[in-house]
Amino acid sequence: MSEHSRRQFLRAAALSAAGVSCSGWMPRLARAAAGDPARRRHCVLLWMPGGPSQMDTFDLKPGHANGGPFKEIETSVSGLKISEHLPKLAAQAENLAIVRSLSTAEGDHNRGTYLMHTGHKPGGPISFPTMGSTLSKALGTDDAELPNFISIAPQVALNSAAYGPGFLGPRHAPLTVGSGNVIAAPQQPAAGLGVDDLRNPGVGREQEDARLDLWRMLQTSFLAEHGSASPKAQNTVYERAVRMMRSEAAQAFDLAGESDKVKDAYGRGQFGQGCLMARRLIERGVPFIEIALRSNGGVLGWDTHQQNFDRVKSLSAELDAGWATLMTELHERGLLESTTILWLGEFGRTPTINPGAGRDHFPKAWTTVLAGGGIKGGQAYGRTSADGGTVEENQVDVPDVLATLCRALGIDPATCNISELGRPIKIADGKPIEALLA
Amino acid sequence: MRLRPIIQSLVLALAASWPAAAAPPTEAEMAAKIDARLAEVWAREKALAAPPAEDAEFLRRAWLDLCGTIPPLNDPDGISGIRQFLDSNDPDKRVRLIERLLARPSHATHFANVWKNVLLPQDAEVQRLGGEAGFQSWLRGQFADNVPYDMLIASLVLAQGQANQAGPALFFTSLQLKPEELAASTSRVFLGTQIQCAQCHDHPFDHWKKADFWGYAAFFARLERPQQAQQIAFQVSDAATGEVMIPGSSEAVTPRFLGGDTSGDDLGKSRRERLVQWLTWPENPFVARAAVNRVWALLFGRGLVHPVDDLGRHNASAHPELMSELAEYFVRSGYDLNRLVRTLTQTKAYQLSSRSPPGAEDRPELFARMSIKSLTAEQLYDCLLEAMRRRESASPAPQSALVLNRGLDATRQAFLMRFRAPTQGATEYEGGIPQALTLMNGTNIRQATDLNQSDLLGALDAPFFTAAQKVEVLFLSTLSRPPRSEERAKFVAYVEQAGNRQALGDVLWALLNSAEFMLNH
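Before going into details, it helps to say that this report is about the structure given with it. Keep in mind that this is a model prediction, so the values were computed, not measured. (Residues numbered from 1 in each chain as written. Chains lettered and ligands numbered in written order. Predicted model: local features only at pLDDT ≥ 70, side-chain atom pairs only at ≥ 80, totals over all residues. Heavy atoms only, no water.)

### So, the packing of aromatic side chains
Residue and element names in this part refer to chain B.
No. 1: Within the structure shown, the criterion is met by 28 aromatic pairs over all chains.
No. 2: Pairing Tyr 216 with Phe 220 gives two aromatic rings, centres 6.1 Å apart and planes at 80 degrees, and the pair type is edge-to-face. As far as the burial class goes, Tyr 216 and Phe 220 line up, both buried.
No. 3: Relative to Phe 367, the ring of Trp 296 lies with its centre 5.2 Å away and its plane at 75 degrees, an arrangement referred to as edge-to-face. Of the two residues, Trp 296 is situated in helix H14 (residues 287-300) and Phe 367 in the loop between helix H16 (337-346) and strand E3 (373-374); the sequence distance between them amounts to 71 residues.
No. 4: With a relative accessible area of 0%, Trp 296 lands in the buried category.
No. 5: Relative accessible area serves as the criterion here: at 2%, Phe 367 is assigned to the buried category.
No. 6: Taken together, the aromatic side chains of Phe 58, Trp 296, Phe 300, Tyr 350 and Phe 367 make up a single cluster linked through ring pairs.
No. 7: The positively charged end of Lys 93 is found above the aromatic ring belonging to Phe 85, 4.9 Å away from the centroid.
No. 8: Note that Arg 94 overlies the ring of Phe 58, its terminal NZ or CZ placed 4.6 Å from the centroid. (Phe/Tyr/Trp six-rings, centres within 6.5 Å; stacked < 30°, edge-to-face > 60°. Buried < 20%, exposed > 50% of the residue type's maximum accessible area, 1.4 Å probe, protein only. Helix = DSSP H or I, 4+ residues; strand = E, 2+ residues; numbered from the N terminus. Lys NZ or Arg CZ within 6 Å of the ring centre and 35° of its normal.)

### Side note on the side chain of His109(A)
No. 1: For His109(A), the position within the fold is in helix H4 (residues 109-118).
No. 2: Polar side-chain contacts of His109(A) include one of 2.8 Å to the side chain of Glu346(A). (Polar contact = N/O pair within 3.5 Å; in protein donor to acceptor, adjacent residues only side chain to side chain.)

### Some thoughts on the interface of chain A and chain B
No. 1: With 68 residues of chain A in contact, the opposing surface of chain B contributes 80 residues.
No. 2: Summing both partners gives a buried area of about 6300 Å² for chain A against chain B, and 56% of it is carried by carbon and sulfur.
No. 3: In this assembly, chain A and chain B are joined by 5 salt bridges.
No. 4: Put simply, Arg211(A) and Asp506(B) hold a salt bridge, and the shortest N to O gap is 2.7 Å.
No. 5: Put simply, chain A and chain B have 19 residue pairs in polar contact (both at pLDDT 80 or more) between them.
No. 6: Top element by residues in the side of chain A that touches chain B is helix H6 (residues 205-225) of chain A. It accounts for 15 residues.
No. 7: Partitioned by chemical class, the residues of the side of chain A that touches chain B number 32 nonpolar, 20 polar and 16 charged. (Contact = heavy atoms within 4.5 Å. Buried area = accessible area lost by both parts, 1.4 Å probe. Salt bridge = Lys/Arg side-chain N within 4 Å of Asp/Glu carboxyl O. Nonpolar A, V, L, I, M, F, W, Y, C, P; charged D, E, K, R; others polar.)

### Brief notes about the pairing of strand E1 (residues 42-48) of chain A
All names here are of chain A.
No. 1: Among the 7 residues of E1, 7 are classified as buried, and the element is accordingly described as predominantly covered.
No. 2: What you see with E1 is no split at all: His 42, Val 44, Leu 46 and Met 48 on one side and Cys 43, Leu 45 and Trp 47 on the other are buried throughout.
No. 3: One ladder, built from 5 bridges, connects E1 with strand E7 (residues 288-292); its direction is parallel. Considered in E7, the bridge of Trp 47 is made with Ala 292. (Pairing = 2+ DSSP bridges.)

### Considering the environment of Thr376(B)
All names here are of chain B.
No. 1: Looking at where Thr 376 falls in the secondary structure, it is placed in the loop between E3 and helix H17 (377-388).
No. 2: Of the residues examined, Thr 376 reaches a relative accessible area of 34% and is grouped as partly exposed.
No. 3: It is 9.5 Å that separates the C-alpha atoms of Thr 376 and Leu 519, two residues lying 143 residues apart in sequence.

Have a look at this one:
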């Protein structure tokens with residue numbers, strides 16, 4: 001055992017732990033597996049950059065001075081009310097678990113984004129991976145045709161570490177769509193959702209084939225003389241990338257085949273079309289998709305320091321169309337029960353309205369929403385005070401939310417990955433909230 | 001405040017107190033000893049050594065290991081360029097090459113990159129603090145001057161001043177001046193000991209207890225910290241008071257060297273100065289071994305002990321005598337990093353080929369074959385850049401401009417973010433599909449393979465070059481070797497048959513995406 005490093009030992013242990021927890025832990029998972037052995041779990045993170053206002057979306061205070069002009073409407077669940085500008089979601093409230101008692105400590109965009117994506121405060125020596133990387137690693141397989149983590153319209157300029165794989169390494173970085181390095185394929189909508197670097201537009205199929213032919217000669221002769229793991233790994237990854245570029249699976253990114261009716265239902269903006277793309281990716285087994293609602297080019301759409309109500313109204317329309325339609329279509333295809341959705345931003349917004357008819361940053365008492373597979377929908381968990389200023393009941397923190405998400409996905413949150421510095425790091429440090437789990 | 005005199009006096013005081021030691025063996029003698037030790041292990045383990053590396057293999061490997069990039073076709077210094085090196089009949093050319101490489105500015109930059117990644121946490125916060133460029137330029141100066149390693153440690157641990165100026169202060173501020181973080185980092189990097197587990201509980205594998213961790217952390221207790229907890233520290237200076245306590249107790253912990261007795265009260269010296277005395281003490285049981293292990297890992301892909309910073313009793317090496325002898329050699333030669341590099345690169349072991357047929361048993365810990373190392377993100381970017389540049393001209397691009405503007409280049413930063421891999425995985429290929437897509441279709445590669453944008457292709461697109469010559473230049477510029485006969489036949493036929501000028505771009509594309517290009521073998 002002299003050379004057998006602790007790292008290898010723990011890695012093997014972690015892998016087997018992940019295997020155990022995915023293979024028969026949750027009753028729901030076992031049922032799904034029995035029905036269709038190939039069925040896997042999926043996670044969708046709906047990311048609201050800027051910090052969405054909870055008091056104007058899911059936790060309204062209509063009677064109070066802080067309440068603002070929006071009204072509440074009834075939902076499909078008696079007693080549960082949300083904003084009048086989210087009618088389609090209201091009609092599906094039985095799928096939603098609205099957590100109104102989230103309380104965190106980071107009110108800065110960069111820091112908050114990092115905290116909510118990784119479950120850890122920024123600034124320490126460890127580069128924590130974003131939840132997409134850890135969860136896609138736990139849910140996905142190495143030989144999948146499509147990458148296991150796809151990020152649509154990410155905000156990397158703001159805090160790239162919050163979106164990156166950290167110590168898990170580049171293999172678990174997302175494939176990005178529409179991040180700005182856009183190579184738009186001809187049929188993409190004007191919203192510009194091209195997969196980054198999927199094609200070289202100047203090179204046609206024949207030329208691509210010729211290049212690959214030359215390339216394969218070099219690979220074959222090098223691999224014949226160098227049989228160790230890393231040249232093989234490089235070759236495998238490349239062949240997978242080429243396969244992906246040309247596969248039927250890559251058609252997932254091309255929305256041309258969808259009818260106008262469907263595209264309209266999702267909403268023609270970047271977020272809506274991103275949700276449509278997510279449905280197509282889930283149909284092809286992609287385990288983790290992150291979609292940002294940037295509001296058509298704005299970097300921090302939800303950061304409504306001014307004109308909060310006008311902007312939230314239009315953002316809500318986009319959110320409502322995309323999210324509700326995604327859930328409907330997933331449900332029609334029998335995929336909603338294996339897809340868990342998390343709606344989240346970097347913090348909430350102040351209950352008091354500022355002179356610019358806006359709300360400012362507020363992490364002390366805000367809202368996140370879980371939906372779909374593994375989640376007990378149709379409820380509001382936790383309660384804020386009448387003025388929205390504090391949490392009165394069932395306060396939760398981001399590690400708890402992430403732990404709950406893990407359990408809903410059939411992952412044991414205590415599963416460990418080994419950090420750069422040799423320390424085992426759990427996927428999520430918090431305690432799962434049992435009341436939210438189906 | 002000038003630190004150098006203080007450091008020098010500390011180190012000299014130590015040297016004076018240590019009994020005069022015999023001069024260390026010469027580099028050649030030491031290299032032979034290393035090979036002898038390894039041969040013993042191979043005989044015992046019945047391992048067959050790989051054949052020696054050919055000149056082209058050695059040249060490329062040495063350039064990548066020491067300067068972080070691939071060799072140019074020609075070099076005015078007369079020996080380091082591909083053509084000169086391969087054509088030379090000088091029996092000492094390999095030794096001379098290493099000397100030239102160590103003298104190049106790109107060597108200092110490459111080692112500064114490597115060490116910066118080891119010393120600073122890879123964190124967006126660090127980038128926001130600014131000062132990374134200053135830290136790197138300080139490191140570069142240390143390597144350019146071949147500052148002895150004990151002085152380098154001393155300068156780092158005794159850092160003072162602002163983090164955003166050229167100097168080592170960022171090491172402290174990036175860890176928020178926290179004693180536990182500084183203890184964990186310095187023990188990992190300089191002592192090769194992963195003591196951080198013992199911060200909260202007795203170490204699960206090694207023998208360290210909580211008291212050991214906090215005794216060591218106490219050396220970092222007396223630093224001026226910002227008043228508010230949330231404030232970011234921007235500068236480093238000593239404070240007269242400050243203690244650490246084991247969490248859960250309220251008793252101040254006395255500073256204690258790892259594995260040693262309490263340091264005693266040395267009036268007139270700050271805690272950090274006392275720590276530096278211990279770190280630079282020639283009989284310190286950790287420092288020389290950790291340094292030697294790290295340099296070995298840089299050159300061989302893997303330390304004599306693996307992981308490179310986990311030299312505990314629980315993690316035995318297959319080469320204990322070699323490790324001890326190398327550590328002693330390093331100390332006796334004055335902690336001279338360049339000398340250590342010259343010695344290791346002169347060994348037969350460093351000059352073994354990395355070739356192994358598929359299915360051959362892979363036992364990298366024996367060093368019977370050179371391990372294949374992945375390129376770091378910085379190396380990969382620099383190699384791509386080199387491969388694009390006009391290569392046949394007599395004067396290469398001015399080194400200084402290249403070296404200085406590194407940190408400010410947005411394209412380079414974006415590339416590094418995408419490709420940065422954990423530093424422990426030197427012999428593993430860490431990339432995934434997104435990285436492969438970037439290398440196949442991304443902006444960098446499109447520019448490199450476009451006739452109109454690539455200097456290299458543009459220069460080759462001239463009537464007086466035959467197709468065979470063009471193909472040869474492309475192979476030399478990327479794989480650092482001439483094409484083999486079957487490759488020559490196929491590639492030249494392709495270029496001639498295609499008839500269009502774009503064919504050269506296709507050849508270059510294939511070369512740049514090959515495993516042979518993006519691995520350090």
